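# Coordinates in review
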Amino acid sequence: LQIKSPYEGIRLHGFQIMPDSSAIVADGEVAWSAFKSTKKAFDPQEARQPFSSANVSRINKAILDYAFAHEAFPMAATVANADEPARSWRVELLPYLGHSDLYEQYRKMEPWDSAHNRQLLNQMPAVYRHPSDVEESTKSSYFVITAANGLFNESAPVRIDQILDGFTNTLSIIETNRNVEWMKPEDVPLQDAIDNGLKEFYDEILVIGLADGAYASLSTEIAADELRALVSIDGNDAVQENVIRRW
């Protein structure tokens, strides 16, 4: 089994991608079954799932670093003042992902698709690209779900003390297959996710990040009320244990 990973050595909540190895190991045991134990035959797409989890983990950490630095989570689309076009949270996170130089190149007084800013598209950080996507892709694979009572809304940044449902029960980011350039300030409105569903990269499973920095898997068959509860920060609606699968 030979899989070359750009995430060698990253620890994933008890699992670690080892240098020069294709195995995800936990306590010395090969743990592919931790991701989908019912699969008997090796599936290359399934093997990419832990690497997507590494992306989610890194993005989640950057979101939390931003939140502690600004005392609030980033908005899905940031507008510093009335004269500035909206900027995606993916752009705002660049300094927290080790891409301060790229952030400085981005012209904030111009729209994301201006002649200058479009030249930055092909410098997309690999962490925004799903491992199954082609290396040249400039499409994001990771999005937030926007909602009036969600962690990401369109009116004001959410403060840490506003997350009344608990960090472990609140959705942060989600892996989903959409045709959106990474710098474009476009995400997934909650009602759109309910009406049209969330397109997966693999077998009806989505990798998600939670507001506490952890990651988990979510079925694309999630019921509307369960998705609302997961997105909500203050609905006093507990997320059932069987809705998400924590690794």
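Further up the page is the structure itself.
A few points on the structure. None of these values were measured; they are calculated from a predicted model.

## Remarks on helix α8 (residues 224-231)
The set of residues buried in α8 consists of L227, A229, L230 and V231. In this fold, the buried residues of α8 make contact with β8 (145-146), β9 (171-175), α7 (190-196), β11 (205-210), β12 (215-219) and β13 (244-246).

## Re the sheet that holds β11
Taken in spatial order, the five strands of this open sheet run β7-β9-β11-β12-β13, and their pairing is antiparallel. For this open sheet the edge positions go to β7 (142-143) and β13, each flanked by a neighbour on one side alone. Across three bridges, β12 lies against β13 in antiparallel orientation. Bridge assignment links A216 to a residue of β13, and that residue is R246.

## Some points on the nonpolar core
In this structure, I59, L93, Y128, L151, W182 and M183 are the most contacted members of the largest nonpolar core, which totals 36 residues. Looking at this core, the elements that each hand over two or more residues are α3 (49-70), α4 (89-92) and α5 (100-105). Ranked by residues supplied to this core, first place goes to α3 with seven residues. The contacts of L93, once residues within four sequence positions are left out, are I59, A62, I63, Y66 and Y128. Judged by nonpolar contacts, the second largest core, of 23 residues, contains L171, I208, L210 and I244.

## So, the environment of R129
Within the fold, R129 resides in the loop between α6 (115-118) and β7. Through-space distance from the C-alpha of R129 to that of K139 is 7.0 Å; in sequence the pair is 10 residues apart. Not counting chain neighbours up to four residues away, the residues in contact with R129 comprise N55, M124, V134, E135, S137, S141 and Y142. At 3.3 Å, the side chain of R129 forms a polar contact with the backbone oxygen of E135. A distance of 2.9 Å separates the side chain of R129 from the backbone oxygen of S137, its partner in a polar contact.

Basis of the calculations
Residues numbered from 1 in each chain as written. Predicted model: local features only at pLDDT ≥ 70, side-chain atom pairs only at ≥ 80, totals over all residues. Heavy atoms only, no water. Buried < 20%, exposed > 50% of the residue type's maximum accessible area, 1.4 Å probe, protein only. Helix = DSSP H or I, 4+ residues; strand = E, 2+ residues; numbered from the N terminus. Contact = heavy atoms within 4.5 Å. Pairing = 2+ DSSP bridges. Core = buried A, V, L, I, M, F, W, Y, C linked by side-chain atoms within 4.5 Å. Polar contact = N/O pair within 3.5 Å; in protein donor to acceptor, adjacent residues only side chain to side chain.

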